[in-house]
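Each chain is listed here by its residues.
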Amino acid sequence: MIIYNPVNSFGETKNSKKTNKIKGKAILVSNHIGYLDAFMFIRRYYPRNPYTLALHEVFTNTGKFINFWMKRAHVLDVTKNGIKKLINILYSGNVVALTSEGHIGTGEKINDISNGAAYLAIKTHTNIYPTITLTPYKTFRRQYVIYGDMIDCSKYFKKDFEVDKEDVIKLSNELKNKMDDLLILGRSKIKKWTILSKKLFT
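What you are looking at is a predicted structure, and each value in this text was computed from that prediction instead of being measured.

1. Notes on the overall build of the chain
Here comes step 1: Counting its regular elements, the chain contains six helices and seven strands.
Here comes step 2: Along the chain, from the amino end to the carboxyl end, the secondary structure elements read β-β-α-β-α-α-β-α-β-α-β-β-α.
Here comes step 3: Looking at the chain residue by residue over its 202 residues, the buried ones come to 42%.
Here comes step 4: Sequence-distant contacts, at least 24 apart, represent 75% of the contacts inside the chain between residues at least 6 apart.

This is the structure:
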């Protein structure tokens with residue numbers, strides 16, 4: 001079901017953890033570069049199978065075969081109490097994976113992100129782990145992924161789990177800035193690898 005493409009992954013710093021090593025609840029946030037994002041979450045974060053959301057149209061405009069695999073991939077319909085389900089999933093100690101952008105981007109930049117990840121983080125007292133997919137999904141083409149350091153969201157937590165709208169905006173901006181920085185760092189690393197490969201194999 002998942003296309004084959006080798007993956008080169010690296011961390012922002014030496015302390016960056018690959019997200020399949022994270023224990024307990026977590027919110028994994030990636031940029032949105034294709035319809036296969038949900039299935040790539042399974043591969044990238046195995047053996048942990050995170051829950052994610054998709055637009056209602058994705059379920060209604062695809063056939064039974066795709067719907068079957070989407071359910072197996074823990075993809076939830078955003079219009080069917082999707083956010084509420086994700087809150088309960090995080091409360092139970094599981095992992096949620098979200099794409100930061102509402103629509104598929106080009107991968108050249110991070111588009112304006114939604115406040116969903118920030119809201120969930122504050123509501124459930126969960127930290128965010130940003131990831132950037134640097135290249136699109138193409139069969140047999142090498143893909144590059146950079147894992148960012150954890151964003152500590154605890155300064156926004158309230159004892160009663162209430163959510164302040166200003167805190168959501170501040171955390172969303174912090175996440176956007178982090179993802180912008182990761183994109184720049186990731187592209188610089190790919191450029192260095194490309195130069196090194198040409199020297200080694202030409």
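The rest of the description comes next.
2. Things to note about the confidence of the model for the chain
Here comes step 1: On average, residues of the chain score 76 in pLDDT, and 59% of them reach the 70 mark or higher.
Here comes step 2: Ranking the helices and strands of the chain by mean pLDDT puts helix α5 (residues 116–124) first, with 95, and helix α1 (residues 37–45) last, with 61.
Here comes step 3: Counting interchain partners and residues more than four positions distant, the pLDDT-below-50 stretch residues 1–5 has 23 contacts.

3. A few points about the pattern of salt bridges
Here comes step 1: Across all of its chains, the model carries three salt bridges by this definition.
Here comes step 2: A salt bridge links D167 to K158; its shortest N-O distance comes to 2.7 Å.
Here comes step 3: Classification of D167 as buried rests on a relative accessible area of 12%.
Here comes step 4: Here K176 makes a salt bridge to D180, at a shortest N to O gap of 2.9 Å. Placement of the pair is K176 and D180 together in helix α6 (residues 165–201), with a separation of four residues, close to one helical turn.

4. Topic: the packing of aromatic side chains
Here comes step 1: If you walk through the whole model with that rule in mind, you get one aromatic pair.
Here comes step 2: Relative to F161, the ring of Y91 has its centre 5.9 Å away and its plane inclined at 85°; by these criteria the two rings are edge-to-face. Placement of Y91 in helix α4 (residues 82–91) and of F161 in the loop between β7 (143–147) and α6 is noted, with a sequence separation of 70 residues between them.
Here comes step 3: In this structure Y91 comes out as partly exposed when scored by relative accessible area, which is 41%.

Rules used throughout
Residues numbered from 1 in each chain as written. Predicted model: local features only at pLDDT ≥ 70, side-chain atom pairs only at ≥ 80, totals over all residues. Heavy atoms only, no water. Helix = DSSP H or I, 4+ residues; strand = E, 2+ residues; numbered from the N terminus. Buried < 20%, exposed > 50% of the residue type's maximum accessible area, 1.4 Å probe, protein only. Contact = heavy atoms within 4.5 Å. pLDDT = per-residue confidence, 0-100. Salt bridge = Lys/Arg side-chain N within 4 Å of Asp/Glu carboxyl O. Phe/Tyr/Trp six-rings, centres within 6.5 Å; stacked < 30°, edge-to-face > 60°.

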